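Spelled out from the first residue to the last, the chains are:
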Amino acid sequence: YGDHRDLHSFPNRRSSDLRYIRKDLSKIEVPVLLLHSRADITASMDNAHYVFSKLMNADTTLIEYDRASHVLPDGPDKELVWRDTLDFINKWNTS
């Protein structure tokens, strides 16, 4: 989405993308890490809970943060976010 000239069509593309993604969430069979902030005013925590509930065939981890905004790796919880991400990767690293 680096080209911002087409901003007016972005919500339409996003809505259709979400319908497609929602339909196929139950098909995901790989480990999934969901990170979300309760303080995020851009995306509702309900979205993370919805995705978590639909990933029934995957080993899914949902981690909620209290202080960060929408951009977790650059917010006040960034050290915790990076540690949680690395822990998840190390947990599933099979090489």
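For the structure itself, look to the data block above.
Residues numbered from 1 in each chain as written. Predicted model: local features only at pLDDT ≥ 70, side-chain atom pairs only at ≥ 80, totals over all residues. Heavy atoms only, no water.

A. The pairing of strand E1 (residues 32-37), seen in detail. With 6 bridges joining them, E1 and strand E2 (residues 60-65) adopt parallel strand pairing. If you follow Ser37 over to E2, its bridge partner there is Tyr65. Between E1 and its parallel partner E2, the chain crosses via helix H2 (residues 45-54), and the hand of that crossover is right-handed. (Pairing = 2+ DSSP bridges. Helix = DSSP H or I, 4+ residues; strand = E, 2+ residues; numbered from the N terminus. Right-handed = clockwise from strand over helix to strand, strands pointing away.)

B. Structural context of the nonpolar core. The biggest cluster of nonpolar side chains holds 5 residues, and these are Leu25, Val32, Leu34, Leu55 and Ala58. Residue contacts for Leu25: discarding those within four places in its chain leaves Tyr50, Val51, Lys54 and Leu55. (Core = buried A, V, L, I, M, F, W, Y, C linked by side-chain atoms within 4.5 Å. Buried < 20%, exposed > 50% of the residue type's maximum accessible area, 1.4 Å probe, protein only. Contact = heavy atoms within 4.5 Å.)

C. Just the pattern of salt bridges, in detail. According to the stated counting rule, one finds 6 salt bridges in the structure shown. Residue Arg38 pairs with Glu64 through a salt bridge whose shortest N-O separation is 2.9 Å. Residue Arg38 is located in the loop between E1 and H2, and its partner Glu64 is located in strand E2; the two are separated by 26 residues in the primary sequence. When its relative accessible area of 46% is taken as the criterion, Arg38 is described as partly exposed. On the basis of relative accessibility, which here comes to 26%, the residue Glu64 falls in the partly exposed class. A salt bridge links Arg83 to Asp84; the nearest nitrogen and oxygen atoms lie 3.4 Å apart. (Salt bridge = Lys/Arg side-chain N within 4 Å of Asp/Glu carboxyl O.)

D. Structural view of the side chain of Asp77. If you trace the backbone, Asp77 turns up in the loop between E2 and helix H3 (78-92). Of note is the side chain of Asp77, whose polar atom sits 3.2 Å from the backbone nitrogen of Ala68. With residues near it in sequence (within four places) discarded, Asp77 still touches Tyr65, Asp66, Arg67 and Ala68. (Polar contact = N/O pair within 3.5 Å; in protein donor to acceptor, adjacent residues only side chain to side chain.)

E. Structural context of H3. Between its terminal C-alpha atoms H3 stretches 21 Å, which fits the 21 Å expected from 15 residues at 1.5 Å a residue. Turning to H3, its buried residues number three or more, namely Val81, Asp84, Thr85 and Phe88. All buried residues of H3 fall inside an arc of 100 degrees around its axis, so they share one side. Lining the buried residues of H3 we find E1 and E2. (Expected span 1.5 Å × (residues − 1). Arc of directions from axis to C-beta.)

F. Up close: the environment of Ala39. Tracing the backbone through its elements, the reader meets Ala39 in the loop between E1 and H2. In this structure the C-alpha to C-alpha distance between Ala39 and Glu64, which are 25 residues apart in sequence, comes to 9.7 Å. In this structure Ala39 touches Tyr65, Asp66, Arg67 and Ala68, once residues within four positions along its chain are discounted.

G. How the structure looks around the packing of aromatic side chains. Tallying each qualifying case throughout the model produces 0 aromatic pairs. Positioned over the ring face of Tyr50 is Arg22, at 5.4 Å from the centre of the ring. (Phe/Tyr/Trp six-rings, centres within 6.5 Å; stacked < 30°, edge-to-face > 60°. Lys NZ or Arg CZ within 6 Å of the ring centre and 35° of its normal.)

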